[in-house]
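Understanding the architecture of this molecule
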Amino acid sequence: MHCWDPPRVVIHHPKGSGSTKPECKESRGKVACGYDCRVFNGEVACNSTPYGVCTTHFNQLVCWDPPESVIHEYGAKTPEPRCLNASETVSCGYDCKATRTEVRCASTPNGVCRLDDNQQFTCFDPPSLLHCDHSAPPAEG
C-alpha cells in the first residue's frame, strides 16, 4: 500500500470540479504517486500538481509542474504548460523555443524565451510578488 498527500498549494488552490484525482502507479517495483502518472519503458513518473504536464520523447519520461508561485497567482486558471522537443532533448514550461538540438522554456506564463540570430537562448521569468499563507485550512466554498 502506498499513501501520498498533494502539496499544500494544491489543497489551497484546487484545479476545479472536473480535475483529475491523485493516483499511484507501479512499474518494475518502482512506485510514483501524484497526478497524470505515466509508465514508459519500465519507468514511472507523476506530476506533483494537477497543473503539470508529462510527456515521453525517445527514451525519456519527463514530468514538469509550474512553480508554486504560478499556482498561487492563477489558481484554477493556471495556464497549461507544454513540452517541446529537439533532437533527443525535451523541455517543458511556457513560451518554449527550440533549435535543432536544444530546447528552453520559461517557468512562468509571463516568462519569455528568445532565440537570437546566433541560436543563443535568453529566457526571463518576472519575479512573483504574490505570497500565500497556508498555515490555516483552506476556506470553504
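Scroll up to find the structure.
The notes below deal with the structure included here. (Residues numbered from 1 in each chain as written. Predicted model: local features only at pLDDT ≥ 70, side-chain atom pairs only at ≥ 80, totals over all residues. Heavy atoms only, no water.)

A closer look at the overall build of the chain
This is how it is decided: Put simply, DSSP marks the helices as runs of H or I at least four residues long and the strands as runs of E at least two long, and each gets a number from the N terminus on. It only takes one pair of heavy atoms within 4.5 Å for two residues to be counted as in contact. Each accessible area is a Shrake-Rupley estimate made with a 1.4 Å probe; only the visible protein chains count as cover when residues are assessed. Neither His nor the chain ends contribute to the count of charged residues, in which Lys and Arg are positive and Asp and Glu negative. To locate a charge, take NZ of a lysine, CZ of an arginine, CG of an aspartate or CD of a glutamate.
Each helix and strand in the chain was counted, giving 2 helices and 10 strands. Ordered by position from the N terminus, the helices and strands of the chain form the series α-β-β-β-β-β-α-β-β-β-β-β. When its C-alpha atoms are laid out on the principal axes, the chain stretches across 50 × 45 × 25 Å. Taking the contacts inside the chain whose residues are at least 6 apart along the sequence as the reference set, 31% of them involve residues at least 24 apart. Carbon and sulfur atoms make up 47% of the accessible area of the chain, which totals about 8900 Å². Distance between charge centres in the chain, computed from 13 positive and 17 negative side chains, equals 5 Å.

Observations concerning the sheet that holds strand β1 (residues 23-27)
Our working definition: For two strands to count as paired, DSSP must find a minimum of two bridges between them. Throughout, an axis means a line fitted to C-alpha atoms (over the contacting stretch in the case of helices), and angles, computed between N-to-C directions, take values from 0 to 180 degrees.
What the 3 strands build is an open sheet, ordered β1-β2-β3; its pairing is antiparallel. Each end of this open sheet is capped by a strand with a single partner; those strands are β1 and β3 (43-47). Direction aside, neighbouring strands of the sheet carry axes that sit 15° apart on average. As defined by bridge partners, strand β2 (residues 30-40) adjoins β3 across 4 bridges and the pair is classed as antiparallel. Within the sheet, the bridge partner assigned to V39 lies in β3 and is V44.

Here's the deal with the packing of aromatic side chains
What counts here: Only Phe, Tyr and Trp rings take part, Trp by its six-membered ring, and two of them pair if their centres are within 6.5 Å. Stacked means planes under 30 degrees apart, edge-to-face means over 60, and tilted covers everything else. Between buried and exposed lies partly exposed: a residue is buried under 20% and exposed over 50% of the maximum accessible area for its type, with that area taken using a 1.4 Å probe on protein chains only.
Using the criterion set out here, one finds 2 aromatic pairs in the structure. Taken together, a centroid distance of 5.8 Å and an interplanar angle of 80° make the contact between W4 and Y35 edge-to-face. Here the residue W4 occupies a position in the segment before α1 (8-12), and Y35 occupies one in strand β2, the gap between them amounting to 31 residues. Among the residues examined, Y35 registers a relative accessible area of 5% and is labelled buried. Seen in terms of ring centroids, W64 and Y94 are 5.9 Å apart; in terms of plane orientation they differ by 75°. Their pairing is edge-to-face. Placement of the pair is W64 in strand β5 (residues 60-64) and Y94 in strand β7 (residues 89-98), with a sequence separation of 30 residues.

Quick word on the state of the cysteines
Working definition: the covalent bond between the sulfur atoms of two cysteines is a disulfide. How we decide: The disulfide definition used here is simple: a pair of cysteine sulfur atoms within 2.5 Å.
Counted according to the given criterion, the structure contains 6 disulfides. One disulfide bridge connects C54 with C63, the sulfur atoms lying 2.0 Å from each other. Disulfide C54 to C63: torsion about the S-S bond roughly 110°, handedness right-handed. The exposure class assigned to C54 is buried, which follows from its relative accessible area of 5%. Residue class for C63 comes out partly exposed when judged on its relative accessible area of 25%. Sequential numbering of the bridged cysteines in the chain gives the disulfide pattern 1-2, 3-4, 5-6, 7-8, 9-10, 11-12. Take C3: it sits in no disulfide, and the sulfur closest to it among the cysteines is that of C24, at 7.8 Å. Of the residues examined, C3 reaches a relative accessible area of 68% and is grouped as exposed.

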